[in-house]
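Descriptive structure summary
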Amino acid sequence: MTTSMTAPALVIAVPSKGRLKEQAAELFERAGTPLRVKGHERGYRGQLEGLGDVEVEYTSAAEIVHQLKAGRVHLGITGEDLVRETLTDVDGTVEFLKPLGFGQADVIVAVPECWLDVSRMADLEDVAEQFARSHGRRLRVATKYMNLTRRFFARKGVTGYRIVESVGATEATPTTGTSELIVDITTTGTTLKANHLKVLEDGLILKSQAHLLAAKSAAWDPRALELRETILSALST
Amino acid sequence: MAAESAQKFEALEAQARSLLDLFARAGYEPVAPAVIQPAGVFLDQIGEQVRGRTYVFTDLAGEELCLRPDLTVPVSRLYLERHPNAETQARYCYNGAAFRFQPLGPSTTHPREFRQAGIECFGAPDKESADVEVLLLAVEAVRSAGLREFWLRFGDIALFYALIDALQLPERWRRKLRHYFWRPPVFHALLTRLAKGERPDSDGLTAALAEKIAGETHDSAEEIVAAYLDEHAIPIAGNRSLREITARLCDHAADLRADPLPKEVATVIDYYLAVSAAPREATEKIAMIAKGAGLDIDAALDAVLRRFDRLERDGIDLERATFTTEFGRKLEYYSGLVFQVEAAGLDENEPVAGGGRYDNLLAALGAPREVPAVGSAIHTERLLAAVDKVAS
């Protein structure tokens, strides 16, 4: 940037790619404050039309959680699943201002459909006992949601398992044999079905969607607070 | 090294040297296993909760590793490396750092990096003598470091298993109780359900299939299950065989039909797990509970008593000790005697030393047979702190 500018009063982080980016753009369009990318098309900075002292920062949905945690941005749009997976103290770190009605995804526990003897979380501990007896090891849960999985399994009293970290194609791991079951996100369930997996009856960990979030540790001066209200009410109409 | 000052470093070093000298004189060979260990071994043996307490990381080659959270597993792996057939007797001692994430932040008694000095005894066929030997050596070690005010807490996993074996139970329930013993909250919920005589879910696919195979032989049950999978074009996946899936459906079928387990079973277990008293008194109580329920656990109880007799003969003050039936339920690899040394000024969750018998661990780590094993580790920072406290 060559033109010198005054520092923005509020920074909002918005997903930089994929469906989340498009849906965020539609959201601000409808709210009457369209997103404007600064400079060339692939820029990582932008503005909200009509709100000159708001800066838009385009970054990945996962990075937005870290930016919020550090208070480097005031507001952010990202998935609740990433927030709850990444932050240890969710309530002390961010405030959920508004669910945005897109980016819906359920974080679920799914097992092979052929496990006819398993329908609930409680069955897993019994399977773990049987599995350890016949295979000499623990059940493996493939997931990228290590923390959500650990907390949910602990709450359900399931302990005879171990996590294997999976960053892609998690749903294929029980078929390829690198895991026995998975924790993953699903929207329609078609991918699970295609991989012959079924969701446990009480295996819904989180009904996630995109949220507008506020960073508790950001610098909230009066103008920033005012802008936060302006954006929130624009999104609410 | 967790020592916060050069002076403390010197003190810990000096203490470690004399502990190792003592262990070596008793016939334990000093060993130094690797600090960085494959994480899988710990996650498989201790479980996913270890991840919450262990520094687990992925290296540049993508391998999942950890900073060892204790030394028993690394020393056991070292034994197996040296003796793959696991036929040799070996006695090892060590002094080295172990690492644990402290969720409430590191403190003097809960440091994230601390030194364990300990002993492990592998393959000694006379288990009772090995138990006594290890325990006496651990006590001598803390005493030699200058600890005066301390007492022992005992538990015995084998005694609990003996109780479960003596109860009138279908085998599937016995297995379940043994497995759930290591998961106290679930175990408690299970006992409550038992006591209420609750039946498993009778609707849903699982129950419907269980109904269908009830009364069938295992082979024909398996055929029915296979036919169901075929009909619905469901492939076998997830590393469990048709046999395993059917076996659990058969268990479910049996639970649907069987009379609820008698309330007394839950009551006996509850009474047993509530016992915590001086060893003599505790064993009397346990004998009474068993007798009242008409259970014969004499052999296991005699073994416990014989060990206490020998410990007393060798100068252990049992009057000051406690036998707690619940004690030792945290580490699933324990299989018999468990004990810890508690010192004045430190609470029950901050033992100066601890140990026990773990006969199943080496087979789980890949040994071709079960290897009798017993060991003990001293938390050297706590030992130093406890000694200093009294001295100052």
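Reading the values: rules and limits
- Residues numbered from 1 in each chain as written.
- Chains lettered and ligands numbered in written order.
- Predicted model: local features only at pLDDT ≥ 70, side-chain atom pairs only at ≥ 80, totals over all residues.
- Pairing = 2+ DSSP bridges.
- Helix = DSSP H or I, 4+ residues; strand = E, 2+ residues; numbered from the N terminus.
- Axes fitted to C-alpha atoms, helices over the stretch in contact; angles between N-to-C directions.
- Contact = placed C-beta atoms within 7 Å.
- Nonpolar A, V, L, I, M, F, W, Y, C, P; charged D, E, K, R; others polar.
- Buried ≥ 20, exposed ≤ 12 C-beta atoms within 10 Å, placed from the backbone.
- Parallel < 35°, antiparallel > 145°, perpendicular 65-115°, else oblique.
- Domains from an automatic or database assignment.

Our next topic: the sheet that holds strand β9 (residues 161–165) of chain A. Residue and element names in this part refer to chain A. Reading across from one edge, β9-β8-β10-β7-β11 is the order of the five strands in this open sheet, with mixed pairing throughout. In this open sheet, the two edge strands, each paired with only one partner strand, are β9 and β11 (197–208). Pairwise comparison of adjacent strand axes, ignoring direction, gives a mean angle of 25° for this sheet. Relative to β9, helix α6 (residues 146–155) is tilted by about 170°, and along the sheet it contacts β7 (105–112), β8 (139–143), β9, β10 (181–186) and β11.

With that settled, consider the environment of P34 of chain A. Residues and elements named next belong to chain A. Within the secondary structure, P34 is located in the loop between α1 (18–30) and β2 (35–37). Separated by 15 residues in sequence, P34 and E49 have C-alpha atoms that sit 5.4 Å apart. In contact with P34, not counting residues within four places along its chain, are F28, E29 and E49.

Glancing now at the interface of chain B and chain A. The interface is formed by 34 residues belonging to chain B together with 30 residues belonging to chain A. For the side of chain B that touches chain A, the secondary structure elements donating two or more residues are α2 (39–45), α6 (171–180), α7 (184–196), α8 (205–213), α9 (218–231) and α10 (242–257) of chain B. The element best represented in the side of chain B that touches chain A is α10 of chain B, accounting for five residues. Its residues assigned to classes, the side of chain B that touches chain A shows 16 nonpolar, nine polar and nine charged.

So, on to the environment of I316 of chain B. Residues and elements named next belong to chain B. Along the polypeptide, I316 turns up in the loop between α13 (298–313) and β9 (322–324). For I316, a count of 19 C-beta atoms within 10 Å gives the class partly exposed. For the pair formed by I316 and A303, sequence separation is 13 residues and the distance between their alpha carbons is 17 Å. In this structure, I316 is in contact with V139, L152 and L311, ignoring residues within four places of it in sequence.

All names here are of chain B. By the bridge criterion, three bridges tie strand β2 (residues 36–38) to strand β4 (residues 64–67) in an arrangement that is antiparallel. Of the residues in β4, the one forming a bridge with Q37 is C66. Sheet topology note: the strand β3 (residues 56–58)/β4 ladder contains three bridges and is antiparallel. Bridge pairing in β4 links V56 to C66. Between β3 and β4, which pair antiparallel in sequence order, lie five residues; one of them, G62, sits at a positive phi of approximately 90°.

Moving on, we get to the packing of helix α12 (residues 279–292) of chain B against α13 of chain B. Helix-helix packing is described using two parameters, namely the angle between the two axes and the distance between the axes. Residue and element names in this part refer to chain B. Closest axis-to-axis distance for the α12/α13 pair is 11 Å, and the angle between their directions is 170°. Here α12 is positioned roughly antiparallel relative to α13, judged by the angle of their axes. Judged by residue contacts, P279, T283, I286 and A287 of α12 engage L301, V304, L305 and F308 from α13. Here the residues of the contact of α12 with α13 sort into seven nonpolar, one polar and no charged.

Attention shifts here to the domain arrangement of chain A. Residue and element names in this part refer to chain A. Taken as a whole, chain A is organised into domain 1 (10–104 + 209–236) and domain 2 (105–207). Domain 1 and domain 2 are separated by 32 Å when their C-alpha centres are compared. Facing the seven residues of domain 1 at the interface are eight residues of domain 2. When residues in the side of domain 1 that touches domain 2 are grouped by element, the largest group, four residues, is from helix α3 (residues 80–86). Among the residues forming the side of domain 1 that touches domain 2, the class breakdown is no nonpolar, three polar and four charged.

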